[in-house]
Structure formats: structure tokens, C-alpha cells
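One letter stands for each residue in the lines below.
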Amino acid sequence: MGNFTIELNAERAPLTVANFLKYVDQGHYSGTIFHRVVANFVIQGGGFDSAYKPKVAPTKVVNESGNGLTNQRGTVGMARSQDPHGGDAQFYVNLYDNDALDPNKTRWGYAVFGKIVQGMEVVDRIGNVSTGSRGPFKEDAPLQLVVIERIERVVSP
């Protein structure tokens, strides 16, 4: 659907950025899909191939949600299981300001580790695709595959 560029924040989320870049450098994301799209919330990808088979992602990362970065529109965060430290390769992009994903005194949040600096219109297009039941997902899966062809490092000028 197009390209977008993420600026990573290794100063605030060093462990998460290093983990993400490890998967980038291994080519993990090539051919994965955005498997979860919730309008006015998030798009999530990086964990399943186009046949809806889970992509092996053995390395977990410590939750850095207390790093001062918040889940505002256009930020990129580490998806995780119920385990606060259960993030691996899956990531999400906030389509909206999602303060409920930030940490508070009684619970862990979801770690933000970057932001979209180019191509937010592409993210918005993905965020507006028709969704429903596909593969193992009962809801919120794009009815037409949204494939991540590749993620690569781009050096800042």
C-alpha cells in the first residue's frame, strides 16, 4: 500500500530498538503481514506470514514502557502478550492517541520505541481497510492481505 519510515528512539528504548533491529537485520519481517487492524486504534504486524502461520520470534525483550514516550498518533510500539515482558517481533503503529496503552502506577504499559516520520498517509490507508475474520483471527484481520515486503535500515542524512 506504500512505504513509511520509522525513526527509532534508541536513547529512550535501547533494548526494544536493539531487539527490533535484530529482527530487521535477520530479514524476519519480509513477507509478514499486518494481521490486526482496528480503525482509530492501531495496526499490528510482524508476527505472521501471508499464510497466517506464526513467524518464529524466539527473543523476548524487557518492557521499556516507563521510558517517557507515550502512545500518541503515529508512534510505534512493541506488541506483547499478557506477560509484560512478552514482546518479541510484533509491533504496532498508533492510529490515534492511545493513552490507555501507557503505563500507570498499577500496571505495565506498551513500550513506544519510535515514530512515523514519513508516510503516515500509508499507515492511515492500512488503518482503513475492511476487516473481519481471516485465518486464525475471528475479527480485526484485513480481508485483503496487507503484506510487509521488507523492512530495512535507512541511514539519516
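For the structure itself, consult the block above.
Everything quoted here is computed from the prediction, not taken from an experiment.

(A) Structural context of the sheet that holds strand β2 (residues 32–38). Strand order in the open sheet formed by seven strands is β1-β6-β4-β5-β3-β2-β9, and the pairing between neighbours is antiparallel. Since the sheet does not close on itself, it has two edges, and those belong to β1 (5–8) and β9 (147–148), each with one partner. As judged from the four bridges shared by strand β3 (residues 42–49) and strand β5 (residues 91–94), these two strands associate in the antiparallel manner. If you follow Gly45 over to β5, its bridge partner there is Phe91.

(B) Representation of the nonpolar core. Core analysis: the biggest nonpolar cluster contains 26 residues, and Tyr29, Phe34, Ile43, Phe91, Phe113, Val123 and Ile126 have the highest contact counts within it. At the level of elements, α1 (14–25), β2, β4 (75–78), β5, β6 (112–118) and α2 (120–127) are the ones that each hand at least two residues to this core. Looking at this core, the element that brings in the most residues is α1, giving five residues. With five residues, the next largest nonpolar core counts Ile33, Tyr52, Phe137 and Ala141 among its residues.

(C) Layout of the side chain of Asp102. Among the secondary structure elements, Asp102 is positioned in the loop between β5 and β6. This buried residue, Asp102, is left without a salt bridge; Arg107 holds the nearest opposite charge, at 7.6 Å. Apart from the residues lying within four places of it in its own chain, the contact partners of Asp102 are Leu69, Thr70, Asn71, Arg107 and Gly109.

(D) The environment of Ile148, seen in detail. For Ile148, the location among the structural elements is in strand β9. A relative accessible area of 6% means that Ile148 is categorised as buried. Spatially, the C-alpha atom of Ile148 lies 5.5 Å from that of Ile33, the residues being 115 residues apart in sequence. Here Ile148 is in contact with Tyr29, Ser30, Gly31, Thr32, Ile33, Phe34, Gly46 and Phe91, once residues within four sequence places are set aside.

(E) Here's a closer look at the packing of aromatic side chains. Going through the model one piece at a time under the given rule, you end up with nine aromatic pairs. With 5.1 Å between their ring centres and 50° between their planes, Phe20 and Phe113 make a pair best called tilted. Of the two residues, Phe20 is situated in helix α1 and Phe113 in strand β6; the sequence distance between them amounts to 93 residues. A relative accessible area of 3% means that Phe20 is categorised as buried. Its relative accessible area of 0% is what places Phe113 among the buried residues. Summarising the aromatic geometry, the rings of Phe34 and Phe91 are spaced 6.0 Å apart at their centres and angled 80° between planes, so their arrangement reads as edge-to-face. With Phe34 in strand β2 and Phe91 in strand β5, this residue pair connects regions lying 57 residues apart in the sequence.

Calculation rules
Residues numbered from 1 in each chain as written. Predicted model: local features only at pLDDT ≥ 70, side-chain atom pairs only at ≥ 80, totals over all residues. Heavy atoms only, no water. Pairing = 2+ DSSP bridges. Helix = DSSP H or I, 4+ residues; strand = E, 2+ residues; numbered from the N terminus. Core = buried A, V, L, I, M, F, W, Y, C linked by side-chain atoms within 4.5 Å. Buried < 20%, exposed > 50% of the residue type's maximum accessible area, 1.4 Å probe, protein only. Lys, Arg positive; Asp, Glu negative; His and termini not counted. Salt bridge = Lys/Arg side-chain N within 4 Å of Asp/Glu carboxyl O. Contact = heavy atoms within 4.5 Å. Phe/Tyr/Trp six-rings, centres within 6.5 Å; stacked < 30°, edge-to-face > 60°.

Don't take any of this as a statement about function, it's just geometry.
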